[in-house]
Every structure is written in C-alpha cells, then in structure tokens.
Amino acid sequence: MPVDALALPAHAKLNLDLRVLGVERDGYHRILTRMQTLSLHDLLVVARAARTTLAGGVDDDLVLRAARELEAETGRSLPARFVLHKRIPAGAGMGGGSADAATALRGLARLHDLDVDLDAVAYRVGADVPFALRGGSMQGAGRGERLRPAPAATGWFALAWPGFGVSTGAAYQTWDQVGGDGENELTRAAVAVEPRLVAFSERLGPGWRMTGSGSAFFRPCSSRRQAEAAIRGLCCWTAVAEPIGSLGPS
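Below is a summary of the structure that appears in this document. Every chain is numbered on its own, with residues counted from 1 as its sequence reads. The predicted nature of this model means local features are confined to residues of pLDDT at least 70 and side-chain atom pairs, given and counted, to a pLDDT of 80 or more, with totals for whole chains, interfaces and linings taken over all residues. Each side-chain value is derived from all of the structure's non-hydrogen atoms; neither hydrogens nor water enter the calculation.

1. Here we look at the overall build of the protein chain
Note the cut-off: Helix and strand labels come from DSSP, where a helix needs a run of H or I of at least four residues and a strand needs a run of E of at least two; each type is numbered from the N terminus. Radius of gyration means the value over C-alpha atoms here, while the globule rule gives 2.2 Å times the residue count to the 0.38 power. Relative accessibility under 20% of the residue-type maximum defines a buried residue, over 50% an exposed one, and the middle range a partly exposed one, all with a 1.4 Å probe and only protein chains included. Calculation of accessible area relied on Shrake-Rupley with a 1.4 Å probe; when residues are assessed, cover is drawn exclusively from the protein chains displayed. In summary, the charge assignment counts Lys and Arg as positive and Asp and Glu as negative, without counting His or the chain termini. For this purpose, a charge sits on NZ of Lys, CZ of Arg, CG of Asp or CD of Glu.
The helix and strand tally for the protein chain stands at eight helices and ten strands. Its C-alpha atoms give the protein chain a radius of gyration of 18 Å, within 12% of the compact-globule value 18 Å for 250 residues. Taking the principal axes of the C-alpha coordinates as reference, the protein chain spans close to 50 × 45 × 35 Å. Across the 250 residues that make up the protein chain, the buried fraction comes to 49%. Carbon and sulfur atoms provide 49% of the accessible area of the protein chain, an area that totals close to 11,700 Å². Charge-centre separation for the protein chain: the mean point of 28 positive side chains lies 4 Å from the mean point of 26 negative side chains.

2. With respect to the sheet that holds strand β7 (residues 156-161)
In sheet architecture, strand pairing relies on hydrogen bonds along the backbone and comes in two forms, parallel and antiparallel. What counts here: Strands are treated as partners if at least two bridges between them are detected by DSSP. It only takes one pair of heavy atoms within 4.5 Å for two residues to be counted as in contact. Every angle, taken between N-to-C directions, lies between 0 and 180 degrees, and every axis is a line fitted to C-alpha atoms, over only the stretch in contact when it is a helix.
The four strands lie next to each other as β8-β9-β7-β10, forming an open sheet whose pairing is antiparallel. Strands at the two margins of the open sheet, each flanked by one partner only, are β8 (209-210) and β10 (237-241). Across two bridges, β8 lies against strand β9 (residues 217-221) in antiparallel orientation. Among the inter-strand pairings, R209 is bridged to a residue of β9, identified as F218. Along the sheet face, helix α7 (residues 196-204) touches β7, β8 and β9 and points at about 20 degrees away from the line of β9.

3. Section: unusual backbone geometry
As a rule of thumb, non-glycine residues mostly have phi less than zero, and peptide bonds are mostly trans rather than cis. Omega for the peptide link from G214 to S215 comes to 15 degrees, which places this bond in the cis form. As for its placement among the helices and strands, S215 is situated in the loop between β8 and β9. One non-glycine residue with positive phi stands out, namely D113, at about 50 degrees. Assignment of secondary structure puts D113 in the loop between α2 (96-111) and α3 (118-125). Classification of D113 by relative accessible area gives exposed; the value is 70%.

4. Some remarks on the packing of aromatic side chains
Note the following rule: For Phe, Tyr and Trp, where Trp contributes only its six-membered ring, two rings pair if their centres lie within 6.5 Å, and the inter-plane angle classes them as stacked under 30 degrees, edge-to-face over 60, or tilted in between. Only Lys NZ and Arg CZ are tested; either one counts as a charge over a ring when it is within 6 Å of the ring centre and within 35 degrees of the ring normal.
Applying the stated rule across the entire model yields two aromatic pairs. Taken together, a centroid distance of 5.7 Å and an interplanar angle of 70 degrees make the contact between F200 and F217 edge-to-face. Placement of the pair is F200 in helix α7 and F217 in strand β9, with a sequence separation of 17 residues. Both residues of the pair, F200 and F217, count as buried. The positively charged end of R196 is found above the aromatic ring belonging to F164, 3.9 Å away from the centroid.

5. What about the pattern of salt bridges?
Note the cut-off: A carboxyl oxygen of Asp or Glu within 4 Å of a side-chain nitrogen of Lys or Arg is what we treat as a salt bridge.
What the rule picks out here adds up to eleven salt bridges. Here E194 and R196 are joined by a salt bridge, their closest N and O atoms 3.0 Å apart. Here the salt bridges do not stand alone but share partners, grouping D42, K86 and D100 into one network.

Here is the structure:
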C-alpha cells in the first residue's frame, strides 16, 4: 500500500575494536573492525514531494548523496522531502552520517516502491553505509564494507563526546606516521590530530575507549544503571545506549 510519509530511526554504531592492516595503492586503508548498532538514533522523516529537499542537514549531506545515487541506479527521479532530526553527534565516530544515508535509501525504496539492490548503492555513498543499512553485529574488513556476522554485544554502553570532532581522513593519514596499538589502533593518531583528546580521556578515567576515528568514547557496562552512573558528573555530551540486532533486509 503506497505511503505518503515515513519517520525512520537512523541508528548509531560503535567500533568495539579496530585494527589498521595497511594502505592500498589508492591510498585507502585496510581495516578489520567489529561494529555494533546502538539504540541511540537520529530520526529521518521522508515524505512525498515535487522536488527533493533536506531540512536539518547541510547541502552536501550524505542524505542527499544517497538520494542521488539511488536515482542514478534506478534511472528515474525520486523526489522526496527529508527532515533530519540529529541526535548523534557529528564527527564523533558513531556513524551518524552513514546511518542517515542508509535510512534515506531505505525510506526512498519504501516511498517509491522500488525493487533494487540497496547494498550496491550504499557502498557508492560511503564505506560505512552498507553496515548502517544492515545493522546488528558485524565484522567489517577491507574499508569496512566487507561484512560478516559477529557475536552480538550485550549489556549497555556509556557514551561521551567532547564537543569537537576528528577528521577521519586526517586520522588515517596520521596513522601512516605514528601507527597504533590497543583495542582501537586509530586512537594514537586521533590524539595526534586533536591533542585535546588527551585531557578528555583522562577526565573519563579507566574503562573508556574511543570509537572509530574519534572523537566519542564509550564504556561497556553490565546494566543501564551502571552506564548511567558512568556518565554522572561528566561535563560534556553524554548518553547511554544498548546494542540492538539486525535492522532487517536492505
């Protein structure tokens, strides 16, 4: 049955671990990472319209890039009005932009009753978008787009973001000079790019680690109460979230 509008969640993710395996000839880095979808999410409204517009984002937002790629794939115009309500901090390493793009693809496909392989379109939008489309618990290889199921995370997560981002490109370029170790091998590079992360991580204390290329940190917790206690008193953006399963077929 045709629909005129949809309101869809665009879920954040965490990189529970991340290894950098090297650099390809084209300059992109090969990684191995375990990713987990979270209950924390943006909200994207997708509605029928005479032309495509976006409110709540910027002109080159990944939502609009996703719409253009889907139009190219289908060879037809897919006009829609997007209204994006952001809850995931930008530049935090929690995949907010990729989640918004994946949700735009899913919403347009439902709105216009499309029968199309969204995975192929998702990769052209961004390396993290195929995972955002599927969700759940996945190991990502290559640039993060080669996915296979991974053990699901349990419990809850405390989340903290310092209020500034780290450029993903700059973090990877800096890794070429400084390398990395630990559960997230981009941490050393992210700190070199943005030295304020040193003081931020010290204020958080033990048990916290960075997600993606930063700048958000997370702490695994056994319960919601423990997660809420972990963020109590922190003077920054904070949230608690639980892991969620697959978002269903793309």
